[in-house]
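Structure assessment
What follows is each chain in one-letter form.
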Amino acid sequence: YKRNPMRSERVCSLARYVMGLPNSAANTAANQWFERTLDDSAIRRIYLPESFLAVDVILNLLTNIADGLHVWPNVIKARVVSELPFMATEVILMECVKRGGDRQQLHEAIRVHSMKAGAVVKGEGKPNDLMARIAADPLFQAVHGDLERMVDPMLFVGRAPEQVDEFIKEEIDPILKVNEALLDIE
């Protein structure tokens, strides 16, 4: 599960450090108005090289962390399936309310069912039974026929697929095209 926690934590720590470095430049600019005084050049000799060095270390660490990275689609799917019922509760609640249900009563029922389902998952190590609990509760009768549709994972990804496609098309493909000879891509 956590294969490289120390290196990942080091990346996070260094990234926080780098994110804080522009404050030195901003403070100097606010106080000196870029008059090139000694305190201005002294701080620049510190934060400029340190930022490049820290980012270089971050990139090397990330390369090391990602090297040999394995993505296990079935593990991801199992995690999504186990958590999806909890994520879908708002959709279920709102659909029941649209169909005439009492929001407060439905909310309390979902809270109780969620707590019990969570106890089964965490305390007993059994699969998430939240959807079965909701399907058996007459309070949710209005959506019983739609429950399977309401836990479709695609309802919870938003624009992520389109954003990935756009990013690849607009950012990655041009870089690959410019460096085609270096990458020996046909």
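Residues numbered from 1 in each chain as written. Predicted model: local features only at pLDDT ≥ 70, side-chain atom pairs only at ≥ 80, totals over all residues. Heavy atoms only, no water.

Right, let's talk about the pattern of salt bridges for a bit. The full count for this structure, using the stated rule, is 8 salt bridges. The salt bridge involving Glu-108 is made with Arg-111; its shortest N-O contact spans 2.8 Å. Pair noted here: Glu-108 and Arg-111 are both in helix 5 (residues 103-124), with a separation of 3 residues, about one helical turn. Glu-108 gets classed as partly exposed once you look at its relative accessible area, which sits at 38%. Residue Lys-177 is joined to Glu-180 by a salt bridge in which the shortest nitrogen-to-oxygen separation is 3.6 Å. (Salt bridge = Lys/Arg side-chain N within 4 Å of Asp/Glu carboxyl O. Helix = DSSP H or I, 4+ residues; strand = E, 2+ residues; numbered from the N terminus. Buried < 20%, exposed > 50% of the residue type's maximum accessible area, 1.4 Å probe, protein only.)

Residues Ile-92, Cys-96, Ile-134, Phe-140, Val-143 and Leu-147 are the most contacted members of the largest nonpolar core, which totals 17 residues. Going through the elements one at a time, helix 4 (73-98), helix 5, helix 6 (130-136) and helix 7 (147-150) are the ones with two or more residues in this core. Considering each element in turn, this core owes the most residues, 5 residues, to helix 4. Those residues within four positions of Val-143 in sequence are excluded, and the remaining contacts are Ile-92, Glu-95, Cys-96, Arg-99 and Met-150. In terms of nonpolar packing, the next biggest core, distinct from the first, is built from 6 residues, Val-18, Ile-58, Leu-61 and Ile-65 among them. (Core = buried A, V, L, I, M, F, W, Y, C linked by side-chain atoms within 4.5 Å. Contact = heavy atoms within 4.5 Å.)

Relative to the helices and strands, Gln-163 resides in helix 8 (residues 160-178). Overall, Gln-163 belongs to the partly exposed group, its relative accessible area being 44%. Spatially, the C-alpha atoms of Gln-163 and Arg-79 are 23 Å apart, while their sequence positions differ by 84 residues.

Right, let's get into the packing of helix 1 (residues 5-20) against helix 2 (residues 22-32). Their axes nearest at 4 Å, the elements helix 1 and helix 2 cross at an angle of 10°. Considering the angle they form, helix 1 stands roughly parallel to helix 2. Only Pro-22, Asn-23 and Ser-24 of helix 2 make contact with helix 1, whose side of the interface consists of Val-18, Met-19 and Gly-20. Considered class by class, the residues forming the contact of helix 1 with helix 2 number 3 nonpolar, 3 polar and no charged. (Axes fitted to C-alpha atoms, helices over the stretch in contact; angles between N-to-C directions. Parallel < 35°, antiparallel > 145°, perpendicular 65-115°, else oblique. Nonpolar A, V, L, I, M, F, W, Y, C, P; charged D, E, K, R; others polar.)

Our next topic: helix 5. Compared with an ideal rise of 1.5 Å per residue, which puts 22 residues at 32 Å, helix 5 spans 30 Å between its outermost C-alpha atoms and is within 8% of the ideal. Buried residues belonging to helix 5 abut helix 4 and helix 6. Between a side-chain oxygen at the N-terminus of helix 5 and the backbone nitrogen of Gln-104 the separation is 3.2 Å; the capping residue is Asp-102. Phi for Gly-125, located one or two positions after helix 5, is positive at around 70°. (Expected span 1.5 Å × (residues − 1). Polar contact = N/O pair within 3.5 Å; in protein donor to acceptor, adjacent residues only side chain to side chain.)

Mapped onto the elements, Asn-128 comes out in the loop between helix 5 and helix 6. Relative accessible area serves as the criterion here: at 18%, Asn-128 is assigned to the buried category. Within the local environment of Asn-128, its side chain forms a polar contact with the backbone oxygen of Ser-82, the two atoms lying 2.7 Å apart. A distance of 2.8 Å separates a polar atom in the side chain of Asn-128 from the backbone nitrogen of Leu-130. Sequence-distant contacts of Asn-128, that is, excluding residues within four places in its chain, are made with Ser-82, Pro-85, Phe-86, Ala-117 and Val-121.

A few words on the packing of helix 4 against helix 5. What describes two packed helices is the angle between their axes and the distance between those same axes. Between helix 4 and helix 5, the least distance of the axes is 10 Å, while the angle of their chain directions is 155°. Classified by the angle their axes make, helix 4 and helix 5 are roughly antiparallel. The hand of the helix 4/helix 5 crossing is right-handed. On helix 5, the residues that touch Phe-86, Thr-89, Leu-93, Cys-96 and Val-97 of helix 4 are Arg-103, Leu-106, His-107, Ile-110, Ser-114, Ala-117 and Gly-118. Of the residues in the contact of helix 4 with helix 5, the class split is 7 nonpolar, 4 polar and 1 charged. (Left-handed = near helix turned anticlockwise from the far one by under 90°.)

Interpretation note: all reported values are geometric properties and have no functional meaning in isolation.
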